[in-house]
Amino acid sequence: MEAEDKDNTAAGGEPEVKSVTSVANDKACTAVEGLEESAAVTKFGPVNEPSEAEHSDSNNEGTTIEESEITFEAPTTSDTKGFDHSAEEVDDVKEVHNESSSDISEPTAGESESVARGIKELTPELTLVLVGDTNSIEIGSKNILFDHDEQTNVEQFSSKLYDFCGRYISVINMLGLQNIDKFPLNRGVHAFLLLLTNGLHNSQYSSGVQWLEKAFGKESLAYLMTVVTHKSDEKCESAVTDLKVYNSFTEKTYHTCKNSMMDENEIIALLKKIDVMVSENDPHCYSGLVCDDNKEQKDLLDHKSNKEERIDSSVSQQNQTDELEKNTSEIKLKCDPANEPGDVEHSETNDESTTSGGEPDVKPVITFATNEKGILHTDVDGNKDEKSEKIFEEINRKEQYQQESETLLSRLHLQEKYHQKLTPADFLRISRPVKQHHDLSEKDLANNFLQRLMMLDYRARYIPVKQDSPEVSHLKPVPQNSETDNDDFDALFTAKIDSDQTKQSHVHPMDVQMAVFHCSDSSLKQNMITKLSQCQYALPLLVPDPVTMDVECPLWTFRQIRKSWKITQTKDDSNTVTMKSMPICKAETPMVSFFRLGTLSLSKSQLMNTLINDRHSTFFHRNCPGSTKSRHLLDGVAEVAWYCPAGKPNDAFSDCIAFCNLHGDALMIEKQRKILMEKSSVNVVLLPTLEKSDQSWTVISALLKSPKPLICLIVDNDCGAAEMKEGKYKMGLKDRSWSDVSEELRGIIGKILSGPHTFFQLETMAEVSGIRVDEDDTVCQEGKCAAMKIVNLLEEMDVSKIKDEYLPCQGQLWHDWCKINKEQYHLKGNIEKEKCKKQQELERIRQEQRAASCSELMKLFTESLSSLPSEEREYFLKWIQILLDALSTDDLSSILQKYDEKWSEVLDLKKKHDKSDQLISKQTELEKISAKLQSATFGLEHIFREIGQIYEAHKSLQEQTKMEETDWSKYPELAAELMISGHPMELMDGDAGHVPLTWISSLLDEVIKKLGDQRVFVLSVLGVQSSGKSTMLNAMFGLQFAVSAGRCTKGAFMQLVKVSEEMKKDFQFDYVLVVDTEGLRALELAGNATLHHDNELATFVVGLGNMTLINIFGENPAEIQDVLQIVVQAFMRMKRVKLSPSCVFVHQNVTDIAAAEKNMDGKRRLQEKLDQMTKLAAKEEVCDAECFNDVIAFDVQKDVKYFAQLWEGSPPMAPPNPGYSESIQDLKNIILSKASQSKGTTLSQFKSNIKDLWNALLKENFVFSFKNTLEIAVYRKLEVQYGNWTWALRSNMLTIENQLYNRIENGKLDKVDLGYLFKEMSETYEEIKKDMKVYFDDDRDKEMLVQWRGRFETKIKEFHDDQVRGVKRKLDEVIQQKNACKKLDDKKTEFEKMLLQKSKELAHELKDKAKDEEELEKQFDSVWSGWITELTGDTKPIEDINLEQEQMSILQELGIEWSLIDDSKSCESYKDISMIGDYFDYVTLNKHQELCNKSQQSEDSRRENRNTKGQGILTTTWVSVKKLFGFRSIRQKEALKPRGDFPYEEQVLIRSLIEDVEQQSLHAIKSKPVATRGYSPTYLQEVAKNVKEKVTEFESNRKYALKKEFTIDLLLYVFDMAGNWISESHNKFKMNNDAVTFVKSKKIQYYNIFKSFCKGNSSAVVLGEMICEKLKVSTVEAVCNKTAIDLAGEMRCSVPAFNGNRLNLEKYVLKSLAEKEDFDSYINYIRHPRNRAENFIGKEVKKYIFRKHKDKALNILKKNVDDINKLVSQALFTATEKVKAQRGDTDMWLKKFSSLLNDELTFNTICAQNFSDINKFDFLKEEIEKGLASIIDEMSSVSLGKMKEFRLKPDQILIDQLCNCCWVTCPFCAAVCTNTLENHSPDDHSVPFHRPSAINGLHYRGTVEMCINFCTTEVASDHSFYPHRDSEKTIPFKLYRTGGPKYANWRITADESKLTYWKWFVCRFQKQLEDHYNLKFQGFGEIPKEWRRHSKKEAIKSLDEMCE
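Here's what I pulled together on the structure shown here.

Scoring rules and cut-offs
Positions within a chain are numbered from 1, following the residues in the order the chain's sequence is written. Thresholds applied to this predicted model are a pLDDT of at least 70 for local features of residues and 80 or more for the giving and counting of side-chain atom pairs; totals over whole chains, interfaces and linings are not thresholded and use all residues. The basis for every side-chain value is the complete set of non-hydrogen atoms in the structure, without hydrogens or water. Working definition: helices are DSSP H or I runs of at least four residues, strands are E runs of at least two. Numbering for both runs from the N terminus. Throughout, exposure labels follow a simple rule: accessible area from a 1.4 Å probe, protein chains only, divided by the maximum for the residue type, with under 20% read as buried, over 50% as exposed, and the rest as partly exposed. Note on definitions: a residue-residue contact is assigned when non-hydrogen atoms from the two residues lie within 4.5 Å. Throughout, the Shrake-Rupley method with a 1.4 Å probe supplies accessible areas, and for residues the shown protein chains are the sole cover considered. Note on definitions: salt bridges are taken to be side-chain nitrogens of Lys or Arg within 4 Å of carboxyl oxygens of Asp or Glu. Pairing between strands requires that DSSP locate at least two bridges from one strand to the other. A fitted line through C-alpha atoms serves as each axis, taken over the contacting stretch for helices, and the angle formed by two N-to-C directions is quoted from 0 to 180°. A 3.5 Å cut-off defines polar contacts: any pair of N or O atoms within that distance qualifies, except that in protein one atom must be a possible hydrogen donor and the other a possible acceptor, and neighbouring residues in sequence count only when both atoms are side-chain atoms. Working definition: a ring pair exists when centres of Phe, Tyr or Trp rings (six-membered ring for Trp) sit within 6.5 Å. Plane angles under 30 degrees give stacked, over 60 give edge-to-face, the rest tilted. Among the buried residues, those of types Ala, Val, Leu, Ile, Met, Phe, Trp, Tyr and Cys that are joined through side-chain atoms within 4.5 Å form a nonpolar core. Patches here are clusters of residues that have more than 30% relative accessible area and form no salt bridge, with a 9 Å joining cutoff for like charges and a 5 Å cutoff for nonpolar side chains (Val, Leu, Ile, Met, Phe, Trp, Tyr). Lys and Arg are tallied as positive, Asp and Glu as negative. Neither His nor the chain termini are counted. To locate a charge, take NZ of a lysine, CZ of an arginine, CG of an aspartate or CD of a glutamate.

### Section: the overall build of the protein
Each helix and strand in the protein was counted, giving 61 helices and 34 strands. Expressed as a percentage of the 2004 residues in the protein, the buried residues total 55%. Once local pairs closer than 6 in sequence are excluded, the contacts in the protein between residues at least 24 apart make up 76%. By element, 48% of the accessible surface of the protein is carried by carbon and sulfur atoms, the whole surface being about 89,200 Å².

### Observations concerning the pattern of salt bridges
Summed over the entire model, instances satisfying the criterion amount to 73 salt bridges. One salt bridge connects Glu1006 with Lys1009, and the closest N-O pair in it is separated by 3.4 Å. Within this pair, Glu1006 and its partner Lys1009 are both found in helix H26 (residues 997–1011), separated by 3 residues, close to a single helical turn.

### Here's the deal with the sheet that holds strand S21 (residues 728–732)
Within a sheet, neighbouring strands are paired by backbone hydrogen bonds and run either parallel or antiparallel to one another. Judged by pairing direction, the sheet is mixed, and its 10 strands sit side by side in the order S20-S21-S19-S18-S15-S17-S16-S11-S12-S22 without closing on themselves. Two strands in the sheet have a free side with no partner beyond their single neighbour: strand S20 (722–725) and strand S22 (772–773). Pairing analysis gives 5 bridges linking strand S15 (residues 591–596) to strand S18 (residues 682–687), with the strands arranged parallel. Pairing of Ser593 across the sheet is with Asn683, part of S18. In this fold helix H15 (residues 695–705) packs onto S18, strand S19 (710–714), S20 and S21, with an angle of close to 150 degrees to the strand it touches most, S18. Packed on one face of the sheet, helix H16 (residues 738–754) meets S15, strand S17 (657–662), S18, S19, S20 and S21 and runs near 175 degrees to S21.

### What about the side chain of Asn1302?
Inspection of the secondary structure assignment puts Asn1302 in helix H35 (residues 1269–1305). Assessed through its relative accessible area of 7%, Asn1302 is described here as buried. A distance of 2.9 Å separates a polar atom in the side chain of Asn1302 from the backbone oxygen of Asp1799. The contacts of Asn1302, once residues within four sequence positions are left out, are Asn1798, Asp1799, Glu1800, Leu1801 and Thr1802.

### A short note on the environment of Lys398
Structurally, the position occupied by Lys398 is in helix H8 (residues 386–411). Exposure remark for Lys398: the relative accessible area of 8% places this residue in the buried category.

### A look at the packing of aromatic side chains
The geometry of an aromatic ring pair is captured by two quantities: the separation of the ring centres and the angle between the planes. This structure, assessed with the given rule, holds 53 aromatic pairs. Relative to Phe653, the ring of Tyr643 lies with its centre 5.6 Å away and its plane at 75 degrees, an arrangement referred to as edge-to-face. One end of the pair, Tyr643, is in strand S16 (residues 638–643); the other, Phe653, is in the loop between S16 and S17, with 10 residues separating them in the sequence. You can call Tyr643 buried: its relative accessible area is 5%.

### What about the nonpolar core?
Among the nonpolar cores identified, the biggest contains 122 residues, and Phe861, Phe876, Met1054, Phe1100, Phe1145 and Ile1250 are the most heavily contacted of them. Setting aside residues no more than four positions away along its own chain, Ile1250 makes contact with Leu987, Val995, Leu997, Ile1000, Leu1004, Phe1100 and Leu1104. If you look at the next biggest cluster of nonpolar residues, it comprises 118 residues, including Val1662, Ala1733, Ile1745 and Leu1858.

### Considerations on a positive patch on the surface
Positive charge collects at one region of the surface, where Lys1716, Lys1739, Lys1742 and Lys1844 lie side by side. One can find Lys1844 in the loop between helix H55 (1817–1836) and helix H56 (1850–1858).

### Details of the pairing of strand S28 (residues 1142–1148)
Of all 7 residues that make up S28, 6 are buried, and the element is covered over most of its length. Across 3 bridges, S28 lies against strand S29 (residues 1200–1202) in parallel orientation. Each residue of the ladder has a partner; that of Phe1145, found in S29, is Val1200.

Next comes the structure, spelled out in structure tokens:
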């Protein structure tokens, strides 16, 4: 045979490289023509490899040795790395070979020698297989064992030959290979190297050994060498110890090396170990095969001959035959870089397939298990064996089929997906929209097909394909010449035309479907088949494998399919219709199978369609759009479809029938034909008229003899239908219409099936031998086995009792818990006792749940869930659902039918307006059926619900029972894994109508742990029941929300959908979280319950969603109106709680969506309805809204989508409407378009939203009860930031103030300019503004922060301006005071000058007595008094004040008796007047009779109320039965003490009077200029007069009088509070303005100067001493002021109480009170919370400075001392140098020195006149430095307490910073508002936890019973209160805001009052509280015994809840 060579190179000369399967044996050899001598190889490296593959179709002669063929890659001498032949050179080699050798059996001597040498040199001594993880080694050119330059082939089957020190070793790479049954291995293996990564060696060893055993058999483990690889800087000594636990591990077959594999010594050591292992093994190499497929292949190869031929699919069958007859002794030479020498090399005819650029079009090729050449076996004489010929033909047929499969998958770009299957995850994601009306290229076909199929678009099968070269013929132009009739005739009817018709047609639609099917994993196959079923398409029942040709039954794919139909039975002339619904796998139906024998002109599939559904192509046929003559994967496929009758007269058949269609010529498809004929009830065969000699007659003959009914349809015969013999029919099809044929055929089939017949059940396919059933896969069986363990428990049980038996936690216990939990928010009676009782009941239920949580079912389920690998777990979950559905199918069907019947009866009675007992009876029966239906409904969601309840029960009790085997704490993690993988999770329990918050929170926490706190776009859906919400979501996103099993969605479910990588750039979130809900207006609920449930659900779902789909079904105005009302109200609530979701209205099942005019009219009417509903809802929600757009941004033109009806025709046989899928796609685009503008929400925010919304819904008033905890947390964080920003401004302002104060004191500044202050602050202020901008712009919660941005920017500006103006005001006062003292200051200077002069003169006189210090002191003292008199003789001294005497005089002037004053002073009772609990002793009841009469009326009223309970104005509330300034009692009380009749509100008013008088008086006193002008007696007289007037005014409005004792105590209290300030201010005035005091204070200073002069010191020394003396004072002041600022800053950062917001400070104040346990401190806190906070700050500062962090404080002080030291030293140096340079005098030096200290130190001027003789300024500098050193030493040990003496104090700085906030108290319990901003309008006052009202002295009116209720509980109760003292009208607590201004601005939300702190306080100080208020904790005020269980430790710990 002549070699036929084709040019396979492109312009660049590169050939196309195709992967070719390698076949080798370590003992084989062959003769190879032209083997050239190879170049030298390196010591370690691969044998030189060819760089190009040379393809040839010529068959060269070769010899088969040991029935195996090896072709060597022969390296050339010209290129050490491989072959580099041009095409011409290759052709030359082939030509020489063909000419010189016609028979390889007779080689020349030279050739034989060359071949032998090549074989010897290149046959591998060792064959090693690398298995394990790809990450275990570093791939690179320097890797000795595996030197791939790139990592492209790491996960593919590939091999290389290496020369290791002269040894040829073949290394086969199987690293990362997962699929173990699709690659060849026909070579002996000496060692399997299992590569493990250090640290992961345990898990990788286990999985690796398992893989190896599965792939190669258990015997392969004897050839296993374990290699642990590690990084160069790692050690792995422990690995061997870890691996010893495995039985298969032996230490002598263990090795470690670096993962780079570059160390020669390590590799040599490894080879030595391998040699030892090989020598010990018998046989030395392992020759087992991979799988059964390969075994079959080996059997075929045992018959190989010397001839080898590869048949290309493009060559005709005739050509194949011709080729087989050619010379069999030819052999090919081929070089392929993918194959090592010794591998078989295949060549085929290739078209030109390189690109214009010269690069080969290298495509990955699927490696098929049977990708071998057919070898024809010959005997010794060269004759062909007939058996071998058949085998050869079979192999060739398989090979051709495989090549065609390969080509098809390559065209569809699915070649990689044959092994790495497509999964549901590939489609469960947000990706690019599907192209609906555009031609697609072949590479997009598969993806588009699947996406459209998931959207229920049955046109997915008819996707138009873009053709580069259409399939029509392109005629060559006709030459223009004279035409004749004959020419026209010839042109029209010629049999042959010139054309350039393309050889390749477009892909057959069914090939696309089957290719996708083969390339999908089991889950995606199941989804795909389920969708095909919904599209009413036939489903693959028997499928040939495109590789092995084995037949598979994909039984698993049918498991999710349910079919419903109605059976019509005629009895007694009446038709009875029975509905059936069941999994199709379980259905027992007749099966009619259709076959074709031979090639026919009629379409069998088209005929079948007319039988089943003549409007829809259930079976694809030749006339369907896109059909082509060539199809590849469909032949041999048997498809099945079920006809499901609708119970109507026009049904084709009365019962469900399966129709099976075997595609292709049944004669050639023997296995499938036999199986189907055996399984069928009726066989239908289409055939031509036959001769007896026809092969087909054998088949027909057998069928005629078979007892099975047979219908023969003869296509070329026109005979009518006839029964040949019983059960055997024939009918001609020639010249007959389809309708006539189908009608007759229906009649025949109906007649046959009306008699006895066999039934077909899908599940029985698993019993058929000779085929593979997908459910037999190990993973599927393991999943099923685990599921069956559970289902076996449930067999023989009544389905309605299963949940009670095995899922007890979610039954009555859970429902009771939900009911009681909701009741907590609607308490009546003694609410705290009721609440405690209910909490005990809740705890009891949880204990019962925990005790019942160990059911066998749940143990098995959770164990399987946690132990099964992911793939098995998926099967397990699906099997559970399938098996559970099967359990309940029959029961559900019968119950649903009964429900339907009973519901119809009830409706009929309602239509007749029948209100008789019969209607009530029927409704009762309906309720019972409904309850039974609920019990019988049992699915996977119930098991997960049980898991959630088990978790909640254990979590709430915070302990785990010892007997438990399962770890409940792991449940959220298990559920999170499932949720991430795409499983829907129940969000709201539909049966209980409750959200299990603890479970959901923990589940989402685990999701966040695994994914991170990802951003999600929450899409929720809302609509009426059974309106197709779940179907719509499933179709839109490929979700799995349940829509089958006779159940609608109950409650709410959530499912994550990932945004694909390509789409992430368009969105600001990572996932879409879809929330599906049960329908509104559910039939199971009735009346008010329905409305409440619907409103609750709508509010919850709308609040959760970033967008809500409002699904409206049909065109019933009443139904639409009901839904709209609920929806509008939900959106209105969102607006009021500041949530802003968007919405899209979906109007489904609209009759004509194409009519634009009708749509416009519909939108207009919808807008009108929405506006109308908005007005109605606005009244109910008390909201100002006139139209829907006032509630939510809504565009009726864009936000309304009309949907066609789902089904195209009448179910159950109707396919989905194509318009529906188009609408789905349009809606999806709208949603994604809107979503692209949203940032979504984080998972943590979503979790928080669930909690907030549900907690608010539990309470009666959603809007008032809603607390956005996330928003609260963000605001609290903002408060902390606000504190940081204000502190930065404050600390900078303090520094500036300090500097300016020093300048003023130094006389260098006499006016403070506001502009200057703003300028000095500008840098810090700008930095703050930048920080704020960054915070508001970049914080992750910026969307939420934006609502406060403007307000906080304004607040910061106000704070900045206030700080600047405040400092200016203070400095102006300092300047004013300085100016006021100017005259004295001038005198002071003169005094100092004179004192200096006198001291100097005296010293001169006494210089001879300088050594007698006592004498000097005596002399100085003798003259000092004289100096004072001399200097201040003409100045009047300022007298001290006697405040006590002043106060007594003022009181007597007011006419108050001395005895009363003396009594009050002696007992000091006045000091506690502001904290007294009971002021009754201060009251004179001058209208006692009136009060008593009122008391008597109250008693009478109570008696009357006791007898008329439940009647009156508020019949159901406690208003009519109990009074406490708001409560009324239903019990007769005992006679009360008079003080008990003194109303509580009067006590409050007296306390308010005291507080007001105190504040006004202090303000009045502090406004007086005492510090600058001194004290005047008129100041206190004005205060006393004001107090007297206030008391008189108060009494005038009361019905009682206040005793004189009250006025006296109040006056003394005010005097006492003002006295300290007056004394301090007057002393300051005296110090600054009294000359005598000033001169006296200078005695020590001038005595020292005098002594110095006496000792003869120079003027420089004396001046130095004077300067040091002044520096000492000013340095101490400067250091202390600076330290105060620094310490305040340090404590603000490091003390927990100071580094947060106002709430944080409150927490620590309360903690300190509890630790101290002092009742008086508590009362002080309750009455004066700010004072207590300031006191706490002061104590904490002392504790920090003097105890806890004394060292740190001292370090700060020392640092400031050092700074001052450096400043003064620098000033000394600078002043000295300047004076020396300018030759200045002392005066100049002093001025310069003082100017340098102006900003930091106060330094009074020294008269230079007495020191004019100084000229040695260096000496002066040295003297001062000596003195300064001693000052610094002294300063370093100064007490921190010294700071108290100076202007700035750390505690006061912190008080100013932390206490400048809101201090408004709750009008009920006096809890303090915890907002950090003082004026936080428009935000309400709020506090996280309120207190029992008894703490504030609240009690029941007319009794001494204290009220222990929390006001947060009261607002959820039916209690009422009187808003004012004189009010007769009560206000319900629920409407407390209407009580007046002090109530209106408080936000009090109902909670469970869980704060243990105040409960502990009430119990701990019960006696003190009773004594303080003179009341009792009794009756309705009795403390619940549960409160007494709380310890102080628990109380303090509970405070942490306050800040969460």
